[in-house]
Amino acid sequence: MPDTAPNSWEARAESSSFYGFTDLPSIKARGTVVLTHGEGPYVIDTEGRRYLDSNSGLWNMVAGFDHAGLAAAAKAQYDRFPGYHAFFGRMSDQTVMLSEKLIEVSPYDRGRVFYTNSGSEANDTLVKMLWFLARAEDQPQRRKILTRKNAYHGVTAVSASMTGKPYNELFGLPLPDFIHLTCPHYWREGQPGETEAQFTARMAAELEEVIAREGAETIAGFFAEPVMGAGGVIPPSAGYFQAIQPILKKHGIPLISDEVICGFGRTGAVWGCETYDFVPDAIISSKALTAGYFPMGAVILGPELADRLHAASEAVEEFPHGFTASGHPVGCAIALKAIDVILNEGLLDNVRRLTPRFEEGMTRLAENPNIGEFRGKGLMGALEAVADKPTRTPFPSNLSVSERIANTCTDHGLICRPLGQSIVLCPPFILTEPQMDEMFEKLEAALTEVF
Ligand code: PLP
């Protein structure tokens, strides 16, 4: 039960906060967990309770919550030069170095980088770039954006329109010009008797049909997460990107890889597109880009889009878009350190080393008669709860089964995320084997309690 004394942290949080993305009945029944600090992959609340955070904050705290090197990089840059934008012919040395580093670790031999404060803003920015480009290239009708149902691309009016979640109807979204194709989730969307290869072919045929119906000349871009994250950790069906990319290329439609979650190691490679073996026209990055130590997003433009956008901007003298803190030197210094920590201090290696143990643990939990599927890639995975396993029948959504599992986990000192009917795990890359075992023991205890 929450502490309801008027000066309790729960009461103060409840009376002063407007909650986003939070199950309000749970808050009423259980109160808010108010956190004061972290240690490695653990967070600690005002009562001193420790929680193993198998959520990595929100997919982002990949180096844990008390990384001394990241804090030191932030402090050094705050001491040296605390803040500046990247406009009007000025930007910090850190910003230049980060752009060079991002291009170096990207699949491109050259390109250009634009900074935002978040992943939503990065997607929003790239849509505006594509619209700007279309007008500059005398194709003002090229405005439509293709994404997939269940995709998550953010919360601004544009990125929420790209997001394929039904809750956006509550805002009267999507805006016109945003089209959602079928989610490439073979287990849920495959038809009886359909092989995975046939399913992928059907996804590609649907794309062809949508392009033919809408007119290729009206479509500005196709955005996809390599593995859908907030949709419930959905890896693409086998061969998906190899099937759709040639179609997009044939019609001159850029393919954008939204790597906000997958980027910087989550799938076991630097980029999700590397894991799935395709080279997109541009990459959206955020989250692990700063290991969660600074709010920052980046649009990384591959050479062709970079050249065309640069030429279009020069033609009207400027690209009129940006945020006050775009290219913030402290954020850039932290990102430079985070990239170094992930790539050179063993974090990416740890993801690769831990992946088999992660898959083994998840597969074992999926033997539960009420878990229909384990799916995942690298250190991201989901367990989908079902009322009936053989028929894959979901629980009625009003039972909030995943919410109950996650709440029970919290009681056991484990933070994990309920997403639709599934429980999502995406632990920090610094996790040790014993900590991973602790994560599975706690989740197993919660599953036994709920089912
Ligand atoms: N794109 C993807 C794939 C995401 O998972 C998210 C957030 O989870 C976003 C975009 C939006 O990023 P932000 O929450 O930083 O705006």
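Residues numbered from 1 in each chain as written. Predicted model: local features only at pLDDT ≥ 70, side-chain atom pairs only at ≥ 80, totals over all residues.

**Q** Honestly, the sheet that holds strand β3 (residues 50–53) in this entry has me stumped. Any pointers?
**A** Within a sheet, neighbouring strands are paired by backbone hydrogen bonds and run either parallel or antiparallel to one another. The mixed open sheet is built from four strands, whose spatial order is β1-β2-β3-β13. The sheet is open, and its two edges are formed by β1 (35–39) and β13 (414–415), each paired on a single side. For β3 and β13, the ladder comprises two bridges, and the chain directions are parallel. Each bridged residue has a counterpart across the sheet, and for Asp 53 the counterpart in β13 is Ile 415. (Pairing = 2+ DSSP bridges. Helix = DSSP H or I, 4+ residues; strand = E, 2+ residues; numbered from the N terminus.)

**Q** What's the story with the site of the ligand in this structure? I'm lost.
**A** Close contacts around the ligand come from 14 residues, with Ser 118, Gly 119, Ser 120, Gly 154 and Val 260 the closest. Of the residues forming the shell around the ligand, the biggest block, three residues, is contributed by helix α6 (residues 119–136). (Near = placed C-beta within 6 Å.)

**Q** What should I look at first to understand the nonpolar core in this one?
**A** Inside soluble globular proteins, nonpolar side chains tend to come together where they are buried. Grouped together as the largest cluster of nonpolar side chains are 121 residues, with contacts concentrated most on Ala 63, Val 299, Ala 338 and Ile 342. Taken domain by domain, the makeup of this core includes at least three residues from each of domain 1 (33–66 + 349–450) and domain 2 (71–344). (Core = buried A, V, L, I, M, F, W, Y, C linked by C-beta atoms within 7 Å. Buried ≥ 20, exposed ≤ 12 C-beta atoms within 10 Å, placed from the backbone. Domains from an automatic or database assignment.)

**Q** What's the story with the domain arrangement of the chain in this structure? I'm lost.
**A** By a widespread convention, an interface's size corresponds to the accessible area lost as its parts come together. Examined at the domain level, the chain breaks down into domain 1 (33–66 + 349–450) and domain 2 (71–344). Computed from C-alpha atoms alone, the centre-to-centre distance between domain 1 and domain 2 is 27 Å. Counting residues at the interface gives 24 residues for domain 1 and 21 residues for domain 2. Partitioning the side of domain 1 that touches domain 2 into residue classes produces 12 nonpolar, eight polar and four charged. (Contact = placed C-beta atoms within 7 Å. Nonpolar A, V, L, I, M, F, W, Y, C, P; charged D, E, K, R; others polar.)

**Q** Looking at this structure, how should I read helix α13 (residues 329–344)?
**A** Helical periodicity: at 3.6 residues per turn, an α-helix aligns residues three or four positions apart in one direction. Taking 1.5 Å per residue, 16 residues should reach 22 Å; α13 reaches 22 Å between its end C-alpha atoms and fits that length. Most of α13 sits out of view: 12 of its 16 residues are buried. Within α13, the full set of buried residues consists of Pro 329, Val 330, Gly 331, Cys 332, Ala 333, Ile 334, Ala 335, Lys 337, Ala 338, Ile 339, Val 341 and Ile 342. One or two residues past the end of α13 sits Gly 346, with phi positive at roughly 95°. (Expected span 1.5 Å × (residues − 1).)

**Q** Help me out: how do you make sense of the packing of helix α5 (residues 93–105) against α13 in this one?
**A** Helix-helix packing: each pair is described by the crossing angle between the helix axes and the interaxial distance. Contact geometry for α5 and α13: axes closest at 8 Å, N-to-C directions at 35°. Crossing angle aside, the handedness with which α5 passes α13 is left-handed. In contact with Gln 94, Thr 95, Met 97, Leu 98, Lys 101 and Val 105 of α5, α13 contributes Pro 329, Cys 332, Ala 333, Ala 335, Leu 336 and Ile 339. Its residues assigned to classes, the contact of α5 with α13 shows nine nonpolar, two polar and one charged. (Axes fitted to C-alpha atoms, helices over the stretch in contact; angles between N-to-C directions. Left-handed = near helix turned anticlockwise from the far one by under 90°.)

**Q** Is there a simple way to explain the pairing of strand β11 (residues 371–377) in this structure?
**A** With five of seven residues buried, β11 is to be regarded as a mostly interior element. Where β11 meets strand β12 (residues 380–385), six bridges bridge the pair, whose relative direction is antiparallel. In the strand pairing of β12, Arg 375 is matched with Ala 382. Counting the residues in the hairpin turn of β11 and β12 gives two residues, including Gly 378, whose phi is positive at 55°.

**Q** Teacher, can you tell me more about the sheet that holds strand β14 (residues 417–419) here?
**A** The four strands are arranged β11-β12-β15-β14 in an open sheet whose pairing can be described as antiparallel. Where the open sheet ends on each side, the last strands, each with one partner, are β11 and β14. For this sheet, the mean inter-axis angle between neighbouring strands, taken without regard to orientation, is 25°. Where β12 meets strand β15 (residues 422–425), four bridges bridge the pair, whose relative direction is antiparallel. Residue Leu 383 lies in a different strand from β15, and its bridge partner there is Ile 423. Relative to the sheet, helix α15 (residues 401–411) contacts β12, β14 and β15, its axis offset from that of β14 by approximately 180°.

**Q** Even after reading the chapter, I still don't get helix α12 (residues 303–315), so can you show me in this structure?
**A** Helix length check: α12 (13 residues) gives 18 Å between terminal C-alpha atoms against 18 Å at 1.5 Å per residue, within 8%. Taken together, the buried positions of α12 are Leu 305, Ala 306 and Leu 309. Each buried residue of α12 sits inside an arc of 100° when the element is viewed along its axis, so together they form one side. Turned more than 90 degrees away from the buried face of α12 sit Ala 311, Glu 314 and Ala 315, all of them exposed. Those residues of α12 hidden inside the fold are in contact with β4 (112–116), α6, β9 (282–285) and β10 (297–301). Backbone geometry just downstream of α12 places Glu 317 in the positive-phi region, at approximately 80°. (Arc of directions from axis to C-beta.)

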